[in-house]
Amino acid sequence: MAAGPPEARLSEPWLLVGLVAVTVVLGVVKALWPDSEPVAALTVPVMIAGWRLSRRSVLILGAAVAVVLAVELSVSQFGRSYVAAGIVVLTWLLALRFATLREKWGLGIRRGMGILFDLRDRVRSQGEPPQMAEGWSMARSLRSAGDAAFRGDFTLAHRHDPLVQALLVDVSGHGVDVAARSVQVAGAFGGLIGVVEPERTLAACNAYVVRQGWDHDYATAVHAVVDEATGRLVVRCAGHPPPRIRRTDGTWVALDVHGPLLGLSSDPAFAPTSTTLNEGDVLVLVSDGCLDDASPDPWRPVTATVERWLAAGSPAGTQVLDVDTASGDDQTVLLVGRARRGQG
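Keep in mind that this is a model prediction, so the values were computed, not measured.

So, how was this worked out
- Residues numbered from 1 in each chain as written.
- Predicted model: local features only at pLDDT ≥ 70, side-chain atom pairs only at ≥ 80, totals over all residues.
- Heavy atoms only, no water.
- Helix = DSSP H or I, 4+ residues; strand = E, 2+ residues; numbered from the N terminus.
- Contact = heavy atoms within 4.5 Å.
- Areas by Shrake-Rupley, 256 points an atom, 1.4 Å probe, with all protein chains shown as cover.
- Pairing = 2+ DSSP bridges.
- Axes fitted to C-alpha atoms, helices over the stretch in contact; angles between N-to-C directions.
- Core = buried A, V, L, I, M, F, W, Y, C linked by side-chain atoms within 4.5 Å.
- Buried < 20%, exposed > 50% of the residue type's maximum accessible area, 1.4 Å probe, protein only.
- pLDDT = per-residue confidence, 0-100.
- Salt bridge = Lys/Arg side-chain N within 4 Å of Asp/Glu carboxyl O.

Novice: Lay out the overall build of the protein chain in plain terms, naming residues and giving numbers.
Specialist: Helix and strand counts for the protein chain come out as eight helices and eleven strands. When contacts within the protein chain are restricted to residue pairs at least 6 apart in sequence, those whose partners lie at least 24 apart make up 70%. If you sum the accessible surface of the protein chain, you get close to 17,600 Å²; carbon and sulfur atoms cover 58% of it.

Structural data, given as structure tokens:
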């Protein structure tokens, strides 16, 4: 097994000695001058230990903290000292748990966070809108619940002239809680789109989710295939909000396309709906976090967002398109537009 960097292995004993010394000094100061500093000050070395030290070192520091607390409580005349001591003990338990998890993962803080953010960026880059043919554009907007770094929604896109495929997936949950499953599913689905036939893409994605054996979790998806030469559009849904088309005259058309959630059945049917994207039309795919369920028209925030995008000249790529809803869920918008003649 590879050892960590020498400087990291040598620094831990000295850091432990320093934290134990700080703990003892805080205890002595509190014993000599009871009103000088609160018992809760002991949480500072404990938190540092949880962040930097191994589980064994956190246990050693815990013994020093326990001795200091026992001495302080034996001479304390204030009930609030017992409350503060309880806070210190709780903080130490959390630090011990954190150190245990770090050892289980086999990663330090910096390297572990670096890997997580690299995975996040790779998932996002998979869904980066491709360069489309003249007269066509694709744009997307991503926003995580609570502006978290990780999300349950993701997009994938693939272009093989003249067909362009777009896939929007929503894994149950949101934010950090769903990060692991979202990254796993994005990697698997990214290896399917553009490899299997477009009409079998959702079936292949479903087969993968079924194999995971999720008990209470699921995923929804909407898959669109656009022929850039003719404008023909084929859409399939798996438990996802059906997409809409903003026609060139400003009217909105809801596509009648439905299908079962991914993972519920080993042999589901994802019936397609087909239409044509004419010049000036925009196909709009969204996650359910973009819809305002409290409004008579749940799509109202989305329509306003698309109109702003069109007014800005339909820029391609990843955009910042704020959807004005009170939803606490992840929000994803994926747009495929066909320009009017002379505007492409």
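Novice: Describe the sheet that holds strand S8 (residues 273-276), and please don't skip the residues or the numbers.
Specialist: Pairing within the open sheet is antiparallel, and its five strands lie in the order S2-S3-S4-S5-S8. What marks the edges here is a single partner per strand, and that holds for strand S2 (153-160) and S8. This sheet shows a mean twist of 15° between the axes of neighbouring strands, independent of strand direction. Examined bridge by bridge, S2 and strand S3 (residues 163-171) share eight bridges and lie antiparallel to one another. The residue of S3 that forms the bridge with Leu156 is Leu167. Contacts from helix H6 (residues 179-190) reach S2 and S3 within the one sheet, and its direction differs from that of S2 by about 10°.

Novice: Tell me about the nonpolar core, and name the residues and values.
Specialist: Judged by nonpolar contacts, the single largest core of 23 residues is most densely connected at Phe154, Leu167, Val169, Val171, Phe189 and Leu262. When residues of this core are traced back to their parent elements, those giving at least two are S2, S3, H6, helix H7 (201-212) and strand S4 (219-227). The element that contributes the greatest number of residues to this core is H7, accounting for five residues. Residues Leu168, Val235, Leu283 and Leu334 belong to the second largest nonpolar core, which totals 21 residues.

Novice: Residue-level account of the confidence of the model for the protein chain, with values.
Specialist: The predicted model of the protein chain has a mean per-residue pLDDT of 82, with 80% of residues at 70 or higher. Put simply, helix H5 (residues 109-126) is where the protein chain has its lowest mean pLDDT, 64, and strand S5 (residues 232-238) is where it has its highest, 97. A low-confidence stretch, residues 1-10 (pLDDT under 50), is modelled with two contacts involving residues beyond four sequence positions or located in other chains.

Novice: With reference to specific residues and values, describe the pattern of salt bridges.
Specialist: A side chain of one charge can pair with a side chain of the opposite charge if their charged atoms are brought near each other. Within the structure shown, the criterion is met by six salt bridges. The salt bridge partner of Glu128 is Arg140, with a shortest N-O separation of 3.2 Å. In this pair, Glu128 is assigned in the loop between H5 and strand S1 (136-143) and Arg140 in strand S1, connecting sequence segments twelve residues apart. Between Arg200 and Glu197 there is a salt bridge; the shortest N-O distance is 3.3 Å. It is possible to trace a salt-bridge network through shared partners that takes in Arg159, Asp161 and Glu228.

Novice: Now, about the pairing of S3: what can you tell me, with residues and values included?
Specialist: With respect to burial, S3 is a largely interior element, eight of its nine residues being buried. Of the strand pairs in this sheet, S3 and S4 are connected by nine bridges, and their pairing is antiparallel. Bridge pairing in S4 places Leu167 opposite His223.

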